[in-house]
Amino acid sequence: MTKPLEGIKIIDFTHVQAGPACTQMLAWFGADVVKVERPGAGDVTRTQLRHVKDVDALYFTMLNSNKKSLTLDTKTAKGKEVLERLIRESDVLVENFAPGALDRMGFTWEHISELNPGMIVASVKGFSDGHHYEDLKVYENVAQCAGGAASTTGFWDGPPTVSGAALGDSNTGMHLAIGILTALHQRDKTGKGQKVGVSMQDSVLNLCRVKLRDQQRLEAVGYLEEYPQYPHGEFGDVVPRGGNAGGGGQPGWVLKCKGWETDPNAYIYFTIQSQAWPNVCKALGREEWIEDPAYSTPIARQDKIFDIFAVIEEWLADKTKFEAIDILRTFDIPCAPVLSMKEIANDPSLRKSGTIVEVAHPTLGTYLTVGSPIKFSDLDVEVTASPLLGQHTNEILTGLGYNQQEIAELHDENAV
Ligand code: COA
């Protein structure tokens, strides 16, 4: 079966997480992704957080599957010449170097589009072009702070808090993938390539748009009725941290289940969806609340929402999180167990759907990774091992037209 992106050639000049997450996804969908890495060193994640001596770290293997590796010193004359040949033959160049690094290397947008007018140059930066912080180097948590996630995450009596989800890194990579596919689609019509830029700050903010909604509501009326601060607490002039509040029209909270004293994840998330209120009452054995005007509407419940959560916790006290969900699902209540990474790793449904996959790697052995979260009716996404450093150098150089002697010279000059 032909894969959707088969025939698309991508120069993967990325490192760490944001860029590699983008190109990995395009490789899963069939693109021919050549990761360009510095000879002798490669992507820094090959050596970061290793758990097996002298073997590529999971940090690298879990973000670079289905790719090829070409070692190339793009600061040498010979290396630049190889990269130029590669650019002439490729469709997309993806990079997430520090601001200006590609230009300093001599690969400006003008130069690249001269070499190949159809080329799409896709970049991740911490901040967008022209931003007053455009010169900054940025990592995950910096982006979460700059994009509004940290100031709105955590509890009101604690400091700004970053999420365990890679909102700055992988999320930015996913935005970039959408940008690349859009530019490829346009190139099909115009024949012209273009620059695609995504900033980590913007990508985080794109996921925080409901908080910008709340800032405007707060300025208009002085309170936010779905936050735990309402109606008993105080509001200032900025969106507060809302703990585990639902954040939308449906109140919700993380609630303790049997065993919470010793198991840090013995909790469920419980949502009181307004139309499911009669079912919530039936599940809890509190049918009298269904018609009681003190409880029967969302507005009536607002000032006692934490008392209601306390009643639900009483109900949960003799049930594990899984037992509780098995009961609540029969009442059509939106809820889920809080799952640990151990539980996720062993979840039979995630294994069956290919969301958690086992990959065989030549030196690391078999490891788990997250497969494609996007499912297609006509594509089975196969996750293959990440390449060893420089594994495909000779193959790629041969494909670019270099003969054996020229390849040996490139090796001698440490250009590859
Ligand atoms: N051959 C020769 N030189 C190479 C090379 C190669 N194959 N690959 C990289 N280099 C050079 C770069 O040209 C750069 O040289 P310069 O500083 O002389 O211009 C140098 O290696 C270092 O690159 P840089 O990107 O500055 O790495 P860093 O480790 O100092 O910074 C980041 C890392 C992630 C902070 C930075 O790249 C960044 O801010 N990127 C944009 C945002 C981003 O993606 N953040 C990470 C999200 S996971």
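Throughout what follows, the structure given in this document is the object of discussion.

**Quick notes on the pairing of strand β2 (residues 32-37)**
Move 1: Counted residue by residue, β2 has five buried out of six residues, so it is predominantly covered.
Move 2: The pairing of strand β1 (residues 9-13) with β2 spans four bridges and is parallel. Across the sheet, residue I11 finds its bridge partner in β2, namely V34.
Move 3: In the classification by handedness, the crossover that spans β1, the intervening helix α1 (residues 18-28) and the parallel β2 is right-handed.
Move 4: In this sheet, strand β3 (residues 68-71) lies alongside β2 in parallel orientation, the contact comprising four bridges. Residue pairing for β3: K35 is matched across the bridge by S69.

**Let's talk about the site of the ligand**
Move 1: If you check the shell around the ligand, you find 24 residues, and the closest are K75, A98, R104, K137 and V138.
Move 2: T74 places a main-chain nitrogen or oxygen 3.1 Å from a nitrogen atom of the ligand.
Move 3: In isolation the ligand exposes 940 Å². Once the protein is present, 84% of that is buried.
Move 4: Within the shell around the ligand, the residues separate by chemical class into twelve nonpolar, five polar and seven charged.

**A short note on the sheet that holds strand β8 (residues 267-271)**
Move 1: Ordered by their spatial adjacency, three strands build an open sheet running β7-β8-β9, and the pairing between neighbours is antiparallel. Each having just a single partner strand, β7 (252-256) and β9 (335-337) make up the two edges of the open sheet. With strand direction ignored, the average angle separating the axes of adjacent strands in the sheet is 20°.
Move 2: Bridge analysis of β7 against β8 gives five bridges, and the strand direction is antiparallel.

**Brief notes about the nonpolar core**
Move 1: The biggest cluster of nonpolar side chains holds 39 residues, and the ones touching the most others in it are I10, L26, V92, L176 and I180.
Move 2: Counting only elements with at least two residues in this core, the list comes to α1, β4 (92-95), β5 (120-125), α7 (170-190), β6 (195-199), α8 (200-207) and β10 (356-361).
Move 3: For this core, the element with the most residues is α1, which contributes six residues.
Move 4: Core analysis: the next-biggest nonpolar cluster, separate from the first, contains 28 residues, F13, L115, I396 and I407 among them.

**Regarding the packing of α7 against α8**
Move 1: It is at 9 Å that the axes of α7 and α8 come closest, and there the two elements cross at 95°. Classed by the angle they form, the pair α7 and α8 counts as roughly perpendicular. Between α7, through N171, T172 and H175, and α8, the contact on the second element is made entirely by M200, S203, V204, N206 and L207.
Move 2: Classifying every residue of the contact of α7 with α8 by side-chain character gives three nonpolar, five polar and no charged.

**Comments concerning a positive patch on the surface**
Move 1: A contiguous patch of positive charge, built from R38, K75, R104 and K137, is present on the exposed surface.
Move 2: Position of R104 among the secondary structure elements: in helix α4 (residues 101-104).
Move 3: Overall, R104 belongs to the exposed group, its relative accessible area being 63%.

**Digging into unusual backbone geometry**
Move 1: Note that the residue after Y230, namely P231, is joined by a cis bond; omega there is 0°.
Move 2: Secondary-structure assignment places P231 in the loop between α9 (209-221) and β7.
Move 3: The backbone phi angle of V16 is positive, close to 60°, even though this residue is not glycine.
Move 4: Mapping V16 onto the fold places it in the loop between β1 and α1.
Move 5: A relative accessible area of 12% means that V16 is categorised as buried.

Conventions adopted
- Here, residues in each chain are numbered from 1, in the same order as that chain's written sequence.
- Thresholds applied to this predicted model are a pLDDT of at least 70 for local features of residues and 80 or more for the giving and counting of side-chain atom pairs; totals over whole chains, interfaces and linings are not thresholded and use all residues.
- Water and hydrogen atoms were dropped before computing side-chain values, which therefore reflect all heavy atoms in the structure.
- Remark: exposure states derive from per-residue accessible area (1.4 Å probe, protein chains only) relative to the maximum for the residue type, with buried under 20%, exposed over 50%, and partly exposed in between.
- A run of H or I in DSSP becomes a helix once it reaches four residues, and a run of E becomes a strand once it reaches two; helices and strands are each numbered from the N terminus.
- Whether two strands pair depends on DSSP finding at least two bridges between them.
- Classification remark: right-handed applies to a crossover when, strands pointing away from the viewer, the course from the first strand over the helix to the second runs clockwise.
- We call a residue near a molecule or strand whenever a single non-hydrogen atom of that residue lies within 4 Å of it.
- Under the rule applied, a polar contact is a pair of N or O atoms within 3.5 Å (in protein, one hydrogen donor and one hydrogen acceptor; residues adjacent in sequence only if both atoms are side-chain atoms).
- Accessible areas in this description were obtained via Shrake-Rupley with a 1.4 Å probe; residue shielding takes into account the shown protein chains only.
- Note on residue classes: Ala, Val, Leu, Ile, Met, Phe, Trp, Tyr, Cys and Pro are nonpolar, Asp, Glu, Lys and Arg are charged, and everything else, Gly too, is polar.
- Angular values range over 0 to 180 degrees, each being the angle between N-to-C directions of two axes fitted as lines to C-alpha atoms, with helices fitted over their stretch in contact.
- The criterion is simple. A nonpolar core is a set of buried Ala, Val, Leu, Ile, Met, Phe, Trp, Tyr and Cys residues joined through side-chain atoms within 4.5 Å.
- Each angle receives one of four descriptions, namely roughly parallel if under 35 degrees, roughly antiparallel if over 145, roughly perpendicular if within 65 to 115, and oblique otherwise.
- Note on contacts: a residue pair qualifies if any of its non-hydrogen atoms lie within 4.5 Å across the two residues.
- For patches, a residue must show more than 30% relative accessible area and have no salt bridge; joins then use 9 Å for like charges and 5 Å for nonpolar side chains, namely Val, Leu, Ile, Met, Phe, Trp and Tyr.
- In what follows, salt bridge is the name for a side-chain nitrogen of Lys or Arg lying within 4 Å of a carboxyl oxygen of Asp or Glu.
- Charged residues are defined narrowly, with Lys and Arg counted positive, Asp and Glu counted negative, and His plus the chain ends left uncounted.
- Think of each charge as sitting on NZ of Lys, CZ of Arg, CG of Asp or CD of Glu.

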